[in-house]
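Working through the structure, step by step
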Amino acid sequence: MLSFTSTGTELRRFRRGLLPRLAVGAMVLVPLLYGALYLWAFWDPTGNLDRLPVALVDADEGSTLGDEPLHAGAQVTDELLDSDDLDWRVTDADAAAAGVADGTYYFAVTIPSDFSADIASAGGDDPTDARIEVTYNDANSFLASTLGRTAMAQVQSAVSSSIGEQAVDRVLVGLGSARDGFATAADGALTLRAASGDLSSGAHQVADGAASAADGASRLADGSQTLAAGTDSLAGGATQLASGAATLSDGAGRTATGAASLADGAGRLAQGAQDAVSSTVPLVDGAEAVSAGVDELAASTRTNAAASQTLTAALRTLQASLTTVAQQNAQAGDLATAGGIQQALTTLGTTVEGLHLPTAAEQQAALGRLPALEQGARDLSAGAADLHAGLGTLAGKAGELASGASQVADGTQQVAAGASQLADGAGTLSGGATQLRSGSHDLADGAAELAGGTTTLAQGAGQVADGTDQVGDGAQQLADGLEDGAAQIPDDSDATRADRAEVLASPVALDSSDVARAEGFGEGFAPFFIPLALFVGALITWLLLRPVPTRALGTPAAGWRTAAAGFLPALAIGVAQVAVMLGVIHWGVGLQLDTAVGTIAFTLLVAATFLALQQMLMAVLGPAAGKVAVLALLMLQLASSGGTYPVETTPAFFRAIHPLLPMSYAVTGLRQTITGGADGRLWLSVAVLGAVLVGSLAITSWRAGRLRTWTLARLHPALSI
Amino acid sequence: MTTPHDHPQRASGAPRHHRTTTTSPLPTTAPTAAPAPTSTATVADASPGADPAPTVLAVHAEQLRLHGRRGVVYGPVDLEVPTGTLAVVQGPQGGGRSSLLLTLAGRMVPDDGSRLTVLGEPLPRRRTAVQRRAALAGFAGIDDLDESVSVGDVVRERLAWLSPWYRRTPRVDQGTFARLAGPVFGERPLPRTSTLVWDLDEVDAMLLRVALATAQHPDLLVVDDVDQVHDSRRRQTVWTRLEALAAAGTTVVASVASLDEVARMQWATLPQQITLATGPHAVPAA
């Protein structure tokens, strides 16, 4: 053993006697009490919540979901009882309230009476959150309440998940129906689209027809106008007819009278005609004689005519020849002869003229009238015959006329009666025609209105046609939209729907991964309790060991040797502390170390650092003030090391001193060696602790050198602990 | 030793001096009655008559004094201790003996204005050098031995501190212990190294502490509170061994509470006697 590593007699003095040995045991075991005992007690509080008595009240009155009865409260109660998260005690509301008040139960969970109803309401018209009521009493235990809140958050999450799943499933069923409905609606919209197409074409036809109707109505209006005019005439005519018929009746009456007279007259005529017949016989004979004489006259006339014509012609030839001779004598110079001839001629002509010979034209006319004379004669003859026959006939006919006139008289009598009736009828007709006239005027007006209306109808029908086109477009859009909508509503199988309900009921799940994972409270707190224990252990150690051995100060040994003489024995105790504590924590309490070697080495570093730091404080400040300072430092470190709550949650003061105190680094480093995930923070911690260790030893060494010179205060301390 | 001692002289402000008397078997009377000497120290040479050889002073002090917050601790003191002699500092408990001895050993700083040379080194400036050459023994609270430890372990601890850090310090066997402690114990049988301290006789315990102090081969050895060896016969043994050490060349300054200690003990050579009659607890000897 090198001289400087000697621990001197500092530890040997504890070898003998019960109390010194107990003292060493205390030094070694105090960290165990702090570290292991705390860890043991707090090892797994959350894992033992099933021993925490909690009242559970199921006041749920149930409800119905769809057609099925729903007892969500009972369901939740069963789940909670099965879960064994807490020591559930099913009880009633009064007992629960009393129990929470007097501490029998740490807190009470009540499922309210409308729990099922609220859950069922999820698919209904008035969805309401279902609530679970929790009554805490921090007077029972604040931490129990805190743990309970955590547990209840989990319960809430689990219950929400399972209960919500059912509710969401109902909603999804409805959604599936909605999808079907959408599909049906899409079909219907398509049908509507087709129908509106038909409607459109029909409406177009209507429009066309209405246009035609408008035309027709217009014509109807015109016609009815004409009709009105006609009925005006008709009315007038009927009036006239009525008066005419009256007149006719009168006339017919008189006609009947007249006809009776006629019948008389005709009878007499017939008689007279009979007489005439017999008197015409000589006339016939004479007529035949006239005819024969005319014939003879005609023949002689014709012979005279011919002779006259020949004479005339011969005279003309003579005249022509004499004229020619005259002309030739004139030409030949014999004007006297010519004059003589011409004289002769003129005398001749005057002679002829004086004769008054019928001219050819007169002859011809006379000749032309001859046949007529002959014809007339013959007609006269025939006429006479006919007259004779006719008179015979007349006689017969006059008889007939008499009888006929008699019949006419009868007939006209009837006509008079009929005309009277006609007059009545025509009066009626007149009245009717008047009505007809006003009616036809109404008709004309109506037809005009009809014409206007049908025009409007035609326009309206056009608009209807346009509108139905738009209806068709709209129906198409509706059909498309419904189809899209239907496509967007998930088409779930039952299994998919169940999955979806599950996901919707708890849409967000935590998928956490751990870089390093502490097994529980114990492991989480170990990095805090171990340095704490070591710091207290170091304090205990320095209560029993001498930080700066005065015997060494009495020698000329260098300061650092004195410091080592004080430090090394304490370090030996510290090593024992670390060994015992880590051993018990590992094998006894069950702490698993991510890296055993690293944890041991780091813990040793922590122990050494704390020992050196406290040694330095006691060397610098003296034993009494040094111990007070150590205790103060302990408190500061407890509050600021971030071993329990993250230092960021502490007030600014602790955040400020956090990086200045070595326990912060001890906690950080131990976290990494125990829980795992060692990174730069571990090496920073090692570096800081190493620096504190070396610095503390250096200061102690310097101070020890100074301490070789005593002061009165040290020789006779005013205060000693 | 609790007698109040309000010295009128001090109240008058007159400087007080310890009279260093030699060869006087009688306790020095309280200097209150003495005519006030000058402030120069009266140093009576221990060696009678003319000096056969030039005396080398191990300790030379003038106006050596120390006061703390609670008043005067010791001094002013003028003293000269020749090399290789034994000086006995007498004074009541709490009279500043330990402080004076520590001051002489370079372990305490006197008041400004004190002039002190120890082993040729001016103090307090050259404290470190004096600390190396001056050893302490018998100081309560400084070189106390842990009682449950064996003699060998105690010796080994001291040897370890005194040897270079890189050198091994073997277990102390009886022979090593004999070489170390023999000059101190002299004729007295050495305890076994395995003996526990609490089994040691008061004398052996005291001698052991002196032996440990001599392990650093000091030129000056200061031994406090020889009275801790309560039995006067055994104390005689201690004094004899201290005389022997002084005779062997180590200047020894030892303190004792009893004012008549020098007178009551037997000496080969009457030691230089230094009486601390000032200080908070100084009372005139009865």
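Analysis parameters
- Residues numbered from 1 in each chain as written.
- Chains lettered and ligands numbered in written order.
- Predicted model: local features only at pLDDT ≥ 70, side-chain atom pairs only at ≥ 80, totals over all residues.
- Heavy atoms only, no water.
- Pairing = 2+ DSSP bridges.
- Helix = DSSP H or I, 4+ residues; strand = E, 2+ residues; numbered from the N terminus.
- Axes fitted to C-alpha atoms, helices over the stretch in contact; angles between N-to-C directions.
- Contact = heavy atoms within 4.5 Å.
- Buried area = accessible area lost by both parts, 1.4 Å probe.
- Salt bridge = Lys/Arg side-chain N within 4 Å of Asp/Glu carboxyl O.
- Nonpolar A, V, L, I, M, F, W, Y, C, P; charged D, E, K, R; others polar.
- Expected span 1.5 Å × (residues − 1).
- Buried < 20%, exposed > 50% of the residue type's maximum accessible area, 1.4 Å probe, protein only.
- Arc of directions from axis to C-beta.

**Some points on the sheet that holds strand 6 (residues 133-136) of chain A**
All names here are of chain A. As summarised here, the arrangement of the four strands in space is 4-1-5-6, forming an open sheet in which the pairing is mixed. Either end of the sheet is taken by a strand with one partner, and the two such strands are strand 4 (87-90) and strand 6. Ignoring strand direction, the axes of neighbouring strands in this sheet form an average angle of 25 degrees. Note that strand 5 (residues 107-111) and strand 6 share four bridges and pair antiparallel. Its bridge partner being in strand 6, V109 is matched across the sheet by V134.

**Remarks on the interface of chain A and chain B**
A common way to state how big an interface is: give the accessible area lost once the parts meet. Contacts between the two partners involve 31 residues from chain A and, on the opposite side, 43 residues from chain B. In total, about 3,100 Å² of surface goes out of reach between chain A and chain B, with carbon and sulfur atoms giving 55% of it. On the surface where chain A and chain B come into contact, there are five salt bridges. Between B:D146 and A:R546 there is a salt bridge, and its shortest N-O distance comes to 2.7 Å. Here the side of chain A that touches chain B gets four residues from one element, more than from any other, and that element is helix 11 (residues 550-553) of chain A. When its residues are assigned to classes, the side of chain A that touches chain B shows 13 nonpolar, 10 polar and eight charged.

**Focus on the side chain of B:T195**
Summarising the element assignment, B:T195 is placed in the loop between helix 5 (174-185) and helix 6 (202-214). Dropping the residues within four chain positions of it, B:T195 is found in contact with B:V149, B:S150, B:V151 and B:L200.

**Concerning the sheet that holds strand 3 (residues 71-82) of chain B**
Residue and element names in this part refer to chain B. An order of 3-2-5-6 is seen for the four strands of this open sheet, with the pairing classed as antiparallel. The open sheet has two free edges, formed respectively by strand 3 and strand 6 (121-123), since each of these has just one partner strand. On average, each strand axis in the sheet is inclined to that of its neighbour by 30 degrees, with strand direction left out of account. Of the pairings in the sheet, the one linking strand 2 (residues 57-68) to strand 3 comprises eight bridges and is antiparallel in character. Bridged to A61 within strand 3 is L79. Each of strand 2, strand 3, strand 5 (115-118) and strand 6 touches helix 2 (residues 97-104); the most contacted strand, strand 2, lies at about 130 degrees to it.

**Some points on helix 7 (residues 335-355) of chain A**
All names here are of chain A. If you check helix 7, its first and last C-alpha atoms are 29 Å apart, about what 21 residues at 1.5 Å a residue would give, namely 30 Å. Those residues of helix 7 lying buried are A338, I341, L345 and G349. Down the axis of helix 7, the buried side of the element spans an arc of 80 degrees, and every buried residue falls inside it. Exposed positions of helix 7 whose direction lies more than 90 degrees from the buried face are A336, Q343 and T350.

Purely spatial values, then, with no claim about function.
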